[in-house]
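Structure at a glance
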Amino acid sequence: MAEQKEKFTFSDELVSYIKEWKQKRGNLIMVLHRVQQEFRYVPKEAAERVAEMLDVPLAKIYGVLTFYHYFKIKEPGEYNIQVCMGTACYLKGGDGLVEELENVLGVSEQEVTEDGRFSFESVRCVGCCGLAPVLVVGEEVYGKVTKDQIPGIIAKYQ
Amino acid sequence: MALTNYILVCGGTGCESAKADQIYKNLLTAAQASGVGDTVQILKTGCFGFCEQGPIVKILPEDSFYVQVKPEDAEELIKEHIVKGREVKRLLYDKSESKKHARVEDIQFYQKQFRIVLRNCGFINPEDIDEYIAREGYVALERVLGDMSPDDVIQELKKSGLKGRGGAGFPTWLKWNFTKDVEDDEKYIVCNADEGDPGAYMDRSTLEGDPHSVLEAMTIAGYTVGAQMGYIYIRAEYPLAINRLKAAMQQARDYGLLGEDILGTDFSFDIEIRLGAGAFVCGEETALLASLEGNRGMPRPRPPFPAVKGLWNKPTVINNVETWANIPVIILKGGDWFAQIGTEDSKGTKVFALTGKIRNSGLVEVPMGTTLREIIYDIGGGIANDKEFKAVQTGGPSGGVITKEYLDTPIDYKHLQELGSMMGSGGMIVMDEDDCIVDVTKFYLGFTVDESCGKCSPCRVGGRTLYNMLDKITKGEGEIEDIDKMHQIGKAMKKASLCGLGQTAPNPILSTLRYFEKEYLAHIKEKKCPSGKCKELISYYILADKCIGCMACARKCPVAAITGERRKIHRIDQDICIKCGICYETCKFDAIYVG
Ligand SMILES: Cc1cc2nc3c(=O)[nH]c(=O)nc-3n(C[C@H](O)[C@H](O)[C@H](O)COP(=O)(O)O)c2cc1C
Ligand code: SF4
Ligand code: SF4
Ligand code: FES
Ligand code: FES
């Protein structure tokens, strides 16, 4: 239990960010973004702490977290692969990439592989439609991806 | 030493993701190593628009346009072009050209374009305010604060005929005027940078390539309507644009162009960035305001309109990024100048993200009234891989398709609407013969169903029902009555939905039913998908007269559905085949037939 607490300690920067934003109206979404930046998702413990610090009901926080696709309340894989399913990428075979990821990783969307290493999700246009279909791993963008490149791309992060 | 050359490296998202930053760094290193570090200036700019051919590097004054540059090409560019003055032919866009240079003007992609919104993208370093200022940046703000009354600004906008570029096409001057006329000491300015259309990135590129144009325009609006505070609501998925905006805001504050007492006047105005969180409906203005207030982004009925009752119930001007980017130019060159461009109904230009099955995918800005044919064939270079044009989709999930017969229609708000589509924010997606209309329509409906906020039932239930019907049709389980039902449900949704999302969600269906009813009928009656996309309706066969028995397909088939010996005709067992299409892609002899 002690370990759990340890895991979600707010850094000093996060705490001062929240304090700064507490003064402003409409701050909740900005604060949750900052929390997710720190933990890669918004763990329950963190949501509770935010509720306390901003003095808003936990129910409201979950209302917001679940409304917006960008927020994650479950821990994603160490590498969360994003497949663009914007229109341009869809037309150029983005759905095929999703299928192939399911095959290769053995999990479906939003699930995490057993070793905790990978998860994947489909996202909307990532803004490089000229490179469609596009797949993003962390900071790295892969353009004009074909199905048979997928195992190779995943192997890079294994 | 004097500068002899400028090297512009594209720093737009497309090129950045193809290692433009490494090219930039390598160019810097190579320039130092070759001793020309002091005579060339190397800049990173915003998107050139020609993303398909990225990463792009342009060298001035020769105006040489290098495409598909790799980090390892940097040294050659410096040693050959800069040091020896010889262009690196193999990297030029048009290598065959006998002319001495492949100048930007020679490239067809740019010939019909006319840049107002993207005037600085690809020309300046967006992270340096001085470069914006050198191209008449902030002159419009200076003029407004120095010589113009709020009514003068409104008059100029009215003359220009500018309409909102975020989708609805509402006259911008009118909106500003509403807010100006409300008596209140607290008003707000909002920039809608939520860019929700899932195949469009005009706003992103504008913000990445020219962030000051939006800041300047919002400040002008603040002065005009009497607001002191502005917000930019931007998708969290746009980190580069966010960082450039932040840097630009700081520089503008340092220069006295934002913040307290702007340009020494007693007018103060500041801007804050607020992040969206991946909900399409938050592009709708009332939902956006709810999200800005920190709540779930649910729309509310209008009226009251945000212009009168907006953020925290205060009068609020909300405009789209592209609308904003037009404003400084209108002030500088005058509303009359702007109104000469375009058509009777629609003035100025429009930026489109031209994507899909097009040869030159990219960002294009054209005068209103340009025809679709000019955009697709002259600018876009036609359909990729010599396929047949099928349709072009505009207006994203709220829009519709336009077919071959209408390619000569001049694009403006009115004409697109007459054709059953709409301008939308500027996504323009080209489809070819391989794309199934029913499948693409299902894609759009799937999107709006996912994104419906669920507040009103016409949208929530109607959308789901429509999606399910399309799904059935793509699986060969459609019934002829479904077509009528879809019409009815679609019409009801348009009437009864609360916000634009639900009101426009049936558009992709209604539009494709209008132009491609035959294709629906083929799915429903004949249980066939003419373009071979819907898996349940197709089978893969091997053509006996073409198969040479090379076994390539059999080796690749993931489920071993293909049998046959070497040099003998192969066969696909339909009971085993999962229709993955790998054999079709593998066969070099066109022996696999999809039907
Ligand atoms: C479902 C829906 C999504 C929208 N998405 C956007 C968007 O992503 N960007 C945008 O600027 N406007 C969007 N709009 C339009 C806005 O509601 C609003 O009309 C616009 O921001 C006004 O700015 P303009 O007058 O400059 O176009 C959307 C509207 C609807 C109904
Ligand atoms: S790849 Fe083509 S030619 Fe070769 S066995 Fe398969 S169908 Fe026949
Ligand atoms: S479509 Fe796929 S499963 Fe069917 S025969 Fe071809 S390779 Fe095998
Ligand atoms: S649709 Fe995938 S990058 Fe735009
Ligand atoms: S991102 Fe470089 S040309 Fe568009």
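Residues numbered from 1 in each chain as written. Chains lettered and ligands numbered in written order. Predicted model: local features only at pLDDT ≥ 70, side-chain atom pairs only at ≥ 80, totals over all residues. Heavy atoms only, no water.

**Let's talk about the sheet that holds strand β4 (residues 64-66) of chain B**
Residue and element names in this part refer to chain B. A sheet is described by the order of its strands in space; here four strands give the open sequence β2-β1-β3-β4, paired in mixed fashion. Each edge of the sheet is formed by a strand with only one pairing partner; in this case those strands are β2 (40-45) and β4. Each adjacent strand pair in this sheet contributes to an overall mean axis angle of 20 degrees, direction not counted. Inspection of the sheet shows strand β1 (residues 5-10) paired to strand β3 (residues 57-60) by four bridges, in the antiparallel sense. The residue bridging Val 9 from the neighbouring strand is Val 57, located in β3. Against the sheet, helix α3 (residues 74-84) touches β1, β2, β3 and β4, its axis set at about 145 degrees to β1. (Pairing = 2+ DSSP bridges. Helix = DSSP H or I, 4+ residues; strand = E, 2+ residues; numbered from the N terminus. Axes fitted to C-alpha atoms, helices over the stretch in contact; angles between N-to-C directions. Contact = heavy atoms within 4.5 Å.)

**Considering the nonpolar core**
Counting 106 residues, the largest nonpolar core has Tyr 68 of chain A together with Trp 176, Ile 234 and Trp 324 of chain B as the members making the most contacts within it. When sequence neighbours within four positions are dropped, the list of residues in contact with Trp 324 of chain B reads Trp 176, Ile 189, Val 190, Cys 191, Ser 213, Val 214, Ala 217, Met 218, Ala 221, Val 317 and Asn 319 of chain B. Counting 99 residues, the second largest nonpolar core, distinct from the first, contains Val 40, Ile 42, Met 428 and Phe 443 of chain B. (Core = buried A, V, L, I, M, F, W, Y, C linked by side-chain atoms within 4.5 Å. Buried < 20%, exposed > 50% of the residue type's maximum accessible area, 1.4 Å probe, protein only.)

**Structural notes on the interface of chain B and chain A**
Contacts between the two partners involve 56 residues from chain B and, on the opposite side, 39 residues from chain A. Carbon and sulfur atoms supply 54% of the area buried between chain B and chain A, which totals about 3,800 Å² over both sides. Our count for the chain B to chain A interface comes out at seven salt bridges. With its nearest N and O atoms 3.3 Å apart, the salt bridge here joins Lys 533 of chain B to Asp 95 of chain A. Where chain B meets chain A, there are 24 residue pairs in polar contact (both at pLDDT 80 or more). At the level of secondary structure, the elements contributing two or more residues to the side of chain B that touches chain A comprise α1 (13-16), β7 (270-275), α12 (285-292), β9 (349-356), β13 (427-432) and α17 (437-451) of chain B. A total of seven residues in the side of chain B that touches chain A trace back to one element, the largest contributor, which is α17 of chain B. When the residues that make up the side of chain B that touches chain A are grouped by side-chain class, the tally is 25 nonpolar, 14 polar and 17 charged. (Buried area = accessible area lost by both parts, 1.4 Å probe. Salt bridge = Lys/Arg side-chain N within 4 Å of Asp/Glu carboxyl O. Polar contact = N/O pair within 3.5 Å; in protein donor to acceptor, adjacent residues only side chain to side chain. Nonpolar A, V, L, I, M, F, W, Y, C, P; charged D, E, K, R; others polar.)

**Here we look at the domain arrangement of chain B**
Domain boundaries in chain B define domain 1 (5-91), domain 2 (129-335), domain 3 (349-432), domain 4 (437-524) and domain 5 (539-594). Computed from C-alpha atoms alone, the centre-to-centre distance between domain 2 of chain B and domain 5 of chain B is 58 Å. (Domains from an automatic or database assignment.)

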